[in-house]
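Spelled out, the chains give:
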Amino acid sequence: MKKLQLILVPLLTASISLSNVHGESLTLKIPIIDDSPHQHEFYHELLETALKEAGHNPTLIPLRLPQLRTAAYLDKGKISAYWMVGSQARNEKYVAIKVGLTNGLIGKRILFIKKGDQYLYDNVKTVKDFRDLQLIGGMGKNWFDVKIWKANKLKYKEHEGNWKAIFKMIPKRPDYNYFSRGINEILTESKQYPLLAIENNLVLIYDRDIRFYLSKTGKYSGEKYKVIIEGALVKAEESGLIEKLVRKYWANDFKVLKFDKRIKLNLVTPK
C-alpha cells in the first residue's frame, strides 16, 4: 500500500501541474496599429486561435496606438504583447516568445522605388551588383534593417521621427532612392502611396522573423502567460496553423509579386 501511495503522489503532482497550463483563462491587451490599420489581423487571429486550439480561453482587448508608442506601452505593461522583428536587444528587454510567426516573411524584402527608375535595377544579379549601384535605402531610426544594410555594406539613411514620412520622401528627394518593405506589407502600402513603384525583379532576403514579445511589469503584464503562449504557438507551428494563416493572408501577395521568378539576393544576417 505504501508503494502505491508513493506512485500516486507524483502522478497527482503532475496532474496539478498540467492543470495550471491547460484550460487557462487569459486576458491580453494587444495593440491595433493606427499607421497600418490591418496589420494586426494576422497576429490577433494567430494568437487567439493558437490559444483556443491549445484548450485555453483567451480574451483579447485591443488598444489603438501609433507604432511609435507601442514600445513605450510594452515597457510599462500598458499592453501585454506586441509582435516585432526578433533581436538580441529585444530578447533582453522583454519576454521573448521563441516561435517565428510568419515563416520569415518579414525577411523577404521588396523595394519601393521612384517611378521611372526600374532600369537602374534591371541588370542586378548579385548582392555585389546591388551594392555597386550605390543607391540609398530609407530606414526608420534604429530599425533592424539598419544592422542588415550596414553588415552588407549597403548605403542607407535613417529618418528621425515618423518612419511613414519615408514613403513621401522617395519620389521627391535625391537622398532616398528606395524603401525596403516586407512581402507581407508592400501591396497594401502600394495602394496608399501611388507615387511609388514596386521594383519588378528582386527580393532581398535575410534570416529573421517576427515574434511576440511580452511585457514584464504593469497592469497588463504578459510575462505570467509566457509558458502558456509559447506552448500554444509551438503547437500552432507543429499543427500547421501558422502555415495555414500565412497562406490565408499572403498567398495572393506571393502570386501578384511573382515571388518565385524574382532574383533572390541573400544578405548576411548579423546577430
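Structure: see above.
These notes cover the structure that comes with them. The model shown is predicted, which means the values in this text are computed figures rather than measured ones. Numbers given for residues are sequential positions, taken from 1 along each chain in its written order. The predicted origin of the model limits local features to residues at a pLDDT of at least 70 and limits the giving and counting of side-chain atom pairs to 80 or more, whereas totals for whole chains, interfaces and linings rest on all residues. Values reported for side chains reflect all heavy atoms of the structure, with hydrogen atoms and water molecules removed beforehand.

**Digging into the pairing of strand E1 (residues 25–33)**
Next up, step 1: Whether a residue is buried, partly exposed or exposed follows from its accessible area with a 1.4 Å probe, protein chains only, as a fraction of its type maximum: under 20%, in between, or over 50%, in that order. Note on conventions: DSSP H or I runs of at least 4 residues are helices, E runs of at least 2 residues are strands, and numbering of each starts at the N terminus. Burial of E1 is extensive: seven of the nine residues sit out of reach of the surface.
Next up, step 2: Where E1 and strand E2 (residues 57–65) come together, nine bridges link them in parallel fashion. When the bridges of E2 are listed, Thr27 appears paired with Thr59.
Next up, step 3: Read from E1 through helix H2 (residues 40–53) to E2, the crossover connection turns out right-handed. Criterion used throughout: strands pair if DSSP finds at least two bridges between them. Handedness of a crossover is defined as follows: orient the strands so they point away from the viewer, and if the path from the first strand over the helix to the second runs clockwise, the crossover is right-handed.

**Concerning the sheet that holds strand E3 (residues 81–85)**
Next up, step 1: The strand order E3-E11-E4 describes an open sheet built from three strands, whose pairing is antiparallel. Because the sheet does not close on itself, it has two edges, and the strands there are E3 and strand E4 (95–96).
Next up, step 2: Pairing between E3 and strand E11 (residues 210–214): five bridges, direction antiparallel. Each residue of the ladder has a partner; that of Ala81, found in E11, is Leu214.
Next up, step 3: Packed on one face of the sheet, helix H3 (residues 67–75) meets E3 and E11 and runs near 120 degrees to E3. Any two residues whose heavy atoms approach within 4.5 Å are treated as being in contact. Angles run from 0 to 180 degrees between N-to-C directions of axes, and those axes are lines fitted to C-alpha atoms, restricted for helices to the stretch in contact.

**Side note on the packing of H2 against helix H10 (residues 226–239)**
Next up, step 1: Contact geometry for H2 and H10: axes closest at 8 Å, N-to-C directions at 90 degrees. Regarding the angle of H2 to H10, the classification is roughly perpendicular. Counting all contacts with H2, which are made through Leu46, Leu47, Ala50, Leu51 and Glu53, the residues of H10 involved are Ile228, Ile229, Ala232, Leu233, Ala236 and Ser239. An angle counts as roughly parallel when it lies under 35 degrees, as roughly antiparallel when it exceeds 145, as roughly perpendicular when it falls between 65 and 115, and as oblique in every other case.

**Some remarks on the packing of H2 against helix H11 (residues 241–256)**
Next up, step 1: Axis separation between H2 and H11 bottoms out at 11 Å; the angle between their running directions is 150 degrees. As the angle between them shows, H2 and H11 are arranged roughly antiparallel. As for the relative orientation of H2 and H11, their crossing is right-handed in sense. Note on element contacts: H11 touches H2 through Leu241, Ile242, Leu245, Val246, Lys248, Tyr249 and Trp250, opposite Glu41, Phe42, Glu45, Leu46, Thr49, Ala50 and Glu53.
Next up, step 2: Under the scheme applied, nonpolar residues are Ala, Val, Leu, Ile, Met, Phe, Trp, Tyr, Cys and Pro; charged residues are Asp, Glu, Lys and Arg; polar residues are all the others, including Gly. For the contact of H2 with H11, the residue count by class is nine nonpolar, one polar and four charged. Crossings are assigned a handedness: left-handed for a near helix turned anticlockwise from the far helix by less than a right angle, right-handed for a clockwise turn.

**What about the layout of surface pockets?**
Next up, step 1: Whether a set of points on the 1 Å grid over the protein atoms alone is a cavity depends on a 1.4 Å probe fitting there but being unable to get out, while an open set qualifies as a pocket with protein on both sides within 12 Å along at least five of seven lines; lining residues are those with an atom within 4 Å of a point. Grid points are joined across faces, edges and corners, and a volume is the space filled by probe spheres set on the points. Quantified by volume, the largest pocket comes out at close to 1,400 Å³.
Next up, step 2: Every residue lining the largest pocket is counted, 49 residues in all, and those nearest its centre are Gln39, Gln67, Tyr82, Trp143 and Glu185.
Next up, step 3: For the lining of the largest pocket, the secondary structure elements donating two or more residues are H2, H3, E3, helix H4 (88–93), helix H7 (144–151), helix H9 (186–192) and H11.
Next up, step 4: Ranked by residue count, the leading element in the lining of the largest pocket is H9, at five residues.
Next up, step 5: Broken down by class, the residue content of the lining of the largest pocket amounts to 21 nonpolar, 13 polar and 15 charged.

Function cannot be inferred from these measures alone, as they are strictly geometric.
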